[in-house]
Amino acid sequence: QMCIRDRIEIDGESAVGRTSTEVSDKLKGVPGSTMSIVVIPFNDSIPTTHTINREKIKFPNIPYYGMLNNNIGYISLMQFNPNSGTEVKKAFTDLKENNNLEGIILDLRNNGGGLLNEAVNIVNTFVPRGEIVVTTKGKLKESTMIHKTKSVALDKKIPVVILVNENTASASEIVAGTLQDLDRGVVIGQK
């Protein structure tokens, strides 16, 4: 006789005793494809079958932005993917145009980084054209690249605070370090 707990399945295969990574791998697939899962709802004993259509998941670069108390704006940036710089500029412009904005918090906690050019674009929101953001160097002299801000800053004077933690890395560190080194922002958080 089959036990109720054995009726937890993904596409006909038992998921009992599988690790979360194994279950995750089994659930993933080509967008547009379907899968069948059997689950036992919490506090229930009757298995239910569901057919799910897989879709491409897009994580937003900015999951939230808004106003805090005392006319301070807040932008949470989770990654440096294409258009991150544009999205930060749009969020900042929206906050500035619709509020009496007196300061901005850029939250880079748990942001592991991403595209270097997007880091430069984000710095450019608060820093004028022509400022060096980062230099990359290789063994050969011609492989050295200097990355500068290219556009007019949206706001060169508004106070900026950058929140960081132990998971702020790569492009996030470049943004935080550059804004600090140019005396354009204050970094607050954990090492």
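Look up a bit, the structure's there.
All values reported here derive from a predicted model rather than from experimental measurement. (Residues numbered from 1 in each chain as written. Predicted model: local features only at pLDDT ≥ 70, side-chain atom pairs only at ≥ 80, totals over all residues. Heavy atoms only, no water.)

So, about the overall build of the chain. Looking only at helices and strands, one finds four helices and eleven strands in the chain. Seen through its C-alpha atoms, the chain measures out along the principal axes to roughly 70 × 50 × 35 Å. Going through the 191 residues of the chain one by one, you find that 33% of them count as buried. A separation threshold of at least 6 residues defines the contact pool for the chain, and within that pool the share at least 24 residues apart is 61%. Entry remark: accessible area of the chain is about 12,000 Å², with carbon and sulfur atoms responsible for 52%. (Helix = DSSP H or I, 4+ residues; strand = E, 2+ residues; numbered from the N terminus. Buried < 20%, exposed > 50% of the residue type's maximum accessible area, 1.4 Å probe, protein only. Contact = heavy atoms within 4.5 Å. Areas by Shrake-Rupley, 256 points an atom, 1.4 Å probe, with all protein chains shown as cover.)

Attention now moves to the sheet that holds strand β3 (residues 34-39). The strand order across the open sheet formed by four strands is β2-β1-β3-β4, and the pairing between neighbours is antiparallel. What marks the edges here is a single partner per strand, and that holds for β2 (13-14) and β4 (48-53). As judged from the two bridges shared by strand β1 (residues 9-10) and β2, these two strands associate in the antiparallel manner. Residue pairing for β2: Ile-10 is matched across the bridge by Glu-13. (Pairing = 2+ DSSP bridges.)

Buried residues of helix α3 (residues 116-123): Glu-118, Ala-119, Val-120, Ile-122 and Val-123, and no others. Of the surrounding secondary structure, the elements contacted by the buried residues of α3 are α2 (84-98), β7 (103-107), β8 (132-136), β9 (145-148) and α4 (171-181).

With that out of the way, let us pick up the pattern of salt bridges. Across all of its chains, the model carries four salt bridges by this definition. For the salt bridge of Glu-13 with Lys-26, the shortest nitrogen-to-oxygen distance reads 3.3 Å. In this pair, Glu-13 sits in strand β2 while Lys-26 sits in helix α1 (residues 20-27), placing the two residues 13 residues apart along the sequence. For Glu-13, a relative accessible area of 37% corresponds to the partly exposed category. Between Arg-109 and Asp-107 there is a salt bridge, with the nearest N and O atoms lying 2.6 Å from each other. Judged by relative accessible area, Arg-109 falls into the partly exposed class, the value being 37%. (Salt bridge = Lys/Arg side-chain N within 4 Å of Asp/Glu carboxyl O.)

One way to put it is that α2 packs onto α3 with a least axis distance of 7 Å and a crossing angle of 20°. On the basis of their axis angle, the class for α2 and α3 is roughly parallel. Relative to α3, α2 is oriented so that their crossing is right-handed. Residues Ser-84, Gly-85, Thr-86, Val-88 and Lys-89 of α2 form the contact with α3, whose own contacting residues are Glu-118, Asn-121 and Ile-122. For the contact of α2 with α3, the class distribution of residues is two nonpolar, four polar and two charged. (Axes fitted to C-alpha atoms, helices over the stretch in contact; angles between N-to-C directions. Parallel < 35°, antiparallel > 145°, perpendicular 65-115°, else oblique. Left-handed = near helix turned anticlockwise from the far one by under 90°. Nonpolar A, V, L, I, M, F, W, Y, C, P; charged D, E, K, R; others polar.)

As a general feature of sheets, a regular strand has side chains that alternate between the two faces. Buried residues are scarce in β4, accounting for zero of its six residues. As paired elements, β3 and β4 share six bridges and run antiparallel to each other. Residue pairing across strands places Ser-36 opposite Thr-51, the latter belonging to β4.

A few words now on the nonpolar core. Nonpolar side chains in soluble globular proteins tend to end up buried together. Ile-75, Leu-77, Phe-80, Ile-104, Val-175 and Leu-179 are the most contacted members of the largest nonpolar core, which has 28 residues in total. For this core, the secondary-structure elements that each account for two or more residues are α2, β7, α3, β8, β10 (160-164) and α4. Aside from chain neighbours lying at most four places away, what touches Ile-104 is Gly-73, Tyr-74, Ile-75, Phe-92, Leu-95, Phe-126, Ile-158, Pro-159, Val-160 and Val-161. (Core = buried A, V, L, I, M, F, W, Y, C linked by side-chain atoms within 4.5 Å.)

This part takes up α2. Compared with the 21 Å implied by 1.5 Å per residue over 15 residues, the 21 Å span of α2 between its first and last C-alpha is a close match. Residues Ser-84, Gly-85, Val-88, Ala-91, Phe-92 and Leu-95 constitute the buried set of α2. End-on view of α2: buried residues confined to an arc of 130°, all on one side of the axis. Residues of α2 that are exposed and point over 90 degrees away from its buried face: Lys-90, Glu-97 and Asn-98. On its buried side, α2 packs onto β5 (64-67), β6 (72-76), β7 and α3. (Expected span 1.5 Å × (residues − 1). Arc of directions from axis to C-beta.)

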